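# Structure at a glance
Chain residues, written in single-letter form:
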Amino acid sequence: TLAMPDNDAKFRNQGLAGLSWLMMESTADESNEIFRRLLVEYPDSKFSARAVISRAKFLEEQGDQPAATAFYQLIVDRLPNFEMAQIARLRLAWFCQKSTNIESLHRAKSLLGQFLDIAESMPETDENQSLKLVDEAMYQLGWVNIDLGNTLQAEAAFGDLVAAFPESKYWPDAAFRLASAM
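Residues numbered from 1 in each chain as written. Predicted model: local features only at pLDDT ≥ 70, side-chain atom pairs only at ≥ 80, totals over all residues. Heavy atoms only, no water.

## A few points about the overall build of the chain
Counting secondary structure elements, the chain contains nine helices and zero strands. Listing the helices and strands of the chain from first to last along the sequence gives α-α-α-α-α-α-α-α-α. Residues counted as buried form 43% of the 182 residues belonging to the chain. Here the analysis covers contacts within the chain between residues at least 6 apart in sequence; of these, 51% occur between residues at least 24 apart. Roughly 9900 Å² of accessible area belongs to the chain as shown, and the carbon and sulfur atoms make up 54% of that amount. (Helix = DSSP H or I, 4+ residues; strand = E, 2+ residues; numbered from the N terminus. Buried < 20%, exposed > 50% of the residue type's maximum accessible area, 1.4 Å probe, protein only. Contact = heavy atoms within 4.5 Å. Areas by Shrake-Rupley, 256 points an atom, 1.4 Å probe, with all protein chains shown as cover.)

The structure is reproduced here in structure tokens:
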């Protein structure tokens, strides 16, 4: 327990955030609990969402996909329209697509659809980093649709990417997939 007054959320948030950063390199359950508490107790803090995303990415890099998935899902559940939830949604869709079972592929498609719907309504500012990932979401959606056997929907996703993002690193392959379908 932090030795700070209960009514002083700012100091408590800073203390909990500082402790979470100190524990970033640890894979211990206690560290995961600190990060979980940070997001649960301070859902309006941009810092807590960023810290939890960083923790999820760290766990993902360490090969702990279940723990990373739990953190990404926590962000999506707690902050569904927040910037960090968009990044979490994209990572969850990737995990679902990698599993290749039909149920997971449908979940990936749903997550990507949510990502694109929310991105469409987000203002274009420098803070909205997920808007830079729209082309990736479209490309991934194209491949999920291919995996599901939805050829026309895959073509639509690749076509949208080709039309809207000519500078995208995914453009050449999306254009190839689109041209191959004709």
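## Brief notes about the nonpolar core
Counting residues in hydrophobic clusters, the biggest one holds 54 residues, and the most contacted among them are Y72 and I75. If you list the elements that add at least two residues to this core, you get α2 (29–41), α3 (46–61), α4 (65–78), α5 (83–99), α6 (102–121), α7 (134–148), α8 (151–164) and α9 (171–181). Those residues within four positions of I75 in sequence are excluded, and the remaining contacts are L39, A49, V52, I53, P80, M84, A85 and A88. (Core = buried A, V, L, I, M, F, W, Y, C linked by side-chain atoms within 4.5 Å.)

## A closer look at the pattern of salt bridges
By the definition in use, this model includes two salt bridges. Between E60 and R91 there is a salt bridge, with the nearest N and O atoms lying 2.2 Å from each other. On the criterion of sequence distance, the pair formed by E60 in helix α3 and R91 in helix α5 is long-range, its members being 31 residues apart. When its relative accessible area of 22% is taken as the criterion, E60 is described as partly exposed. The closest approach of N and O atoms between D173 and R177, which form a salt bridge, is 3.3 Å. (Salt bridge = Lys/Arg side-chain N within 4 Å of Asp/Glu carboxyl O.)

## Quick word on the packing of α8 against α9
The interhelical angle for the contact between α8 and α9, taken along N-to-C directions, is 130 degrees, at an axis separation of 9 Å. With respect to α9, the axis of α8 lies oblique. Crossing angle aside, the handedness with which α8 passes α9 is left-handed. Together, E155, F158, G159, L161 and V162 of α8 and W171, A174, A175, R177, L178 and A181 of α9 make up the contact between the two elements. Broken down by class, the residue content of the contact of α8 with α9 amounts to eight nonpolar, one polar and two charged. (Axes fitted to C-alpha atoms, helices over the stretch in contact; angles between N-to-C directions. Parallel < 35°, antiparallel > 145°, perpendicular 65-115°, else oblique. Left-handed = near helix turned anticlockwise from the far one by under 90°. Nonpolar A, V, L, I, M, F, W, Y, C, P; charged D, E, K, R; others polar.)

## Observations concerning the environment of A108
Following the sequence through the fold, A108 ends up in helix α6. The spatial distance from the C-alpha of A108 to the C-alpha of Q140 is 9.0 Å, given a sequence separation of 32 residues. Among all residues touching A108, those that are not within four sequence positions of it are A93, C96, Q97 and V144.

## Some points on α5
For α5, built from 17 residues, the straight-helix expectation of 24 Å at 1.5 Å per residue is met to within 8% by its first-to-last C-alpha distance of 26 Å. In terms of burial, α5 is largely enclosed, as 13 of its 17 residues are buried. Backbone geometry just downstream of α5 places T100 in the positive-phi region, at approximately 65 degrees. (Expected span 1.5 Å × (residues − 1).)

Take it as geometry only, folks, not as evidence of what the structure does.
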